[in-house]
Amino acid sequence: VGRVGASELAAVGFGGVWLWTLTCGFVGTATGVQTFVSQFHGAGEPGRCGHFAWQGLYAVIPAALLAALALLLGAAPFLSLLGASPTLQPLAVDYMSARIPGSLAVCAATAFVSFFRGVGDTRTPLYATLFANILNAVLSYGLIFGRLGLPQWGVAGAGTATAISEWVYAGLLLWAFQRPHARTHFGSRWQPPDLVTMRRLLRLGVPVGGQWLLEMLSFSVFLVLVARMGDVSMAASQAFVALL
């Protein structure tokens, strides 16, 4: 995106950080799945592990969906309230609007990743991440610059590429979660909502999500100050953060 222009890079950085800030609380909450999965796996009851991944989805996705819809409808006034420049605002809205659907996939994927880590399988999430990142790079190249037979969408193309990659990432993890071995050994077949288990997950996970949210808010507020210095300053900040 930096090759397109400073305002575009600033918009991706500013919009992306605020999108993650408003999403990370749900992602942090979903990580609570790992605690319960690891407990039952270590206790010699692997057949109950899949149950917690499903309940994690039920506990997090509805609230994340409502937040995504609210952000989709209110992105423009929200960014205006933050004081971003008139040049940056519409670009950031385009980027955020394209990426918002992918935020739901990230929440769902976190529940699956937490399951795999809880049962000691760290390779499956790694392979899914590698594939999704490569796909994101290829789609971003095509959709930002109009290459590979794809339309030229600029910052909206960057957001679209990332959202597609996030859904592919979640889909790969769901496929692995539904493999015959996982269904037989870990009880990962579909299960209906269980309010008791969902409350247990939320009691553990919400404080984690709250911590993530507070940490990101402090960084996001700092970026608001940077963005008010101008698009070039915000672009430089985004480039530095990306390199880190």
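Since the structure is predicted, the reported quantities are computational estimates derived from the model, not experimental observations. (Residues numbered from 1 in each chain as written. Predicted model: local features only at pLDDT ≥ 70, side-chain atom pairs only at ≥ 80, totals over all residues. Heavy atoms only, no water.)

Colleague: Which parts of the structure should I look at to understand the overall build of the protein chain?
Modeller: Along the backbone of the protein chain there are nine helices and zero strands. In sequence order, the secondary structure elements of the protein chain are arranged as α-α-α-α-α-α-α-α-α. Over its C-alpha atoms, taken along the principal directions, the protein chain stretches across nearly 55 × 40 × 30 Å. Counting only residues that meet the buried cut, the protein chain has 50% of its 244 residues in that class. Sequence-distant contacts in the protein chain: of pairs separated by 6 or more residues, those separated by 24 or more amount to 79%. Summing over all exposed atoms, the protein chain offers an accessible surface of approximately 11700 Å²; the carbon and sulfur share of this is 68%. Counting 13 positive and 8 negative side-chain charges, the protein chain places the centres of these two groups 9 Å from one another. (Helix = DSSP H or I, 4+ residues; strand = E, 2+ residues; numbered from the N terminus. Buried < 20%, exposed > 50% of the residue type's maximum accessible area, 1.4 Å probe, protein only. Contact = heavy atoms within 4.5 Å. Areas by Shrake-Rupley, 256 points an atom, 1.4 Å probe, with all protein chains shown as cover. Lys, Arg positive; Asp, Glu negative; His and termini not counted. Charge placed at Lys NZ, Arg CZ, Asp CG, Glu CD.)

Colleague: What exactly am I supposed to notice about helix H9 (residues 231–243) here?
Modeller: Within an α-helix, residues lying three or four positions from one another point in the same direction, as the helix has 3.6 residues per turn. Here H9 is 13 residues long and its end C-alpha atoms lie 18 Å apart, about the 18 Å a rise of 1.5 Å per residue gives. Looking only at H9, the buried set comprises Asp231, Met234, Ala235, Ser237 and Gln238. Looking straight down H9, one finds that the buried residues subtend no more than 160° of arc, so they occupy a single side. In H9, the exposed positions angled more than 90 degrees off the buried face are occupied by Val232, Phe240 and Leu243. On its buried side, H9 packs onto helix H1 (6–30), helix H4 (88–118) and helix H8 (195–227). (Expected span 1.5 Å × (residues − 1). Arc of directions from axis to C-beta.)

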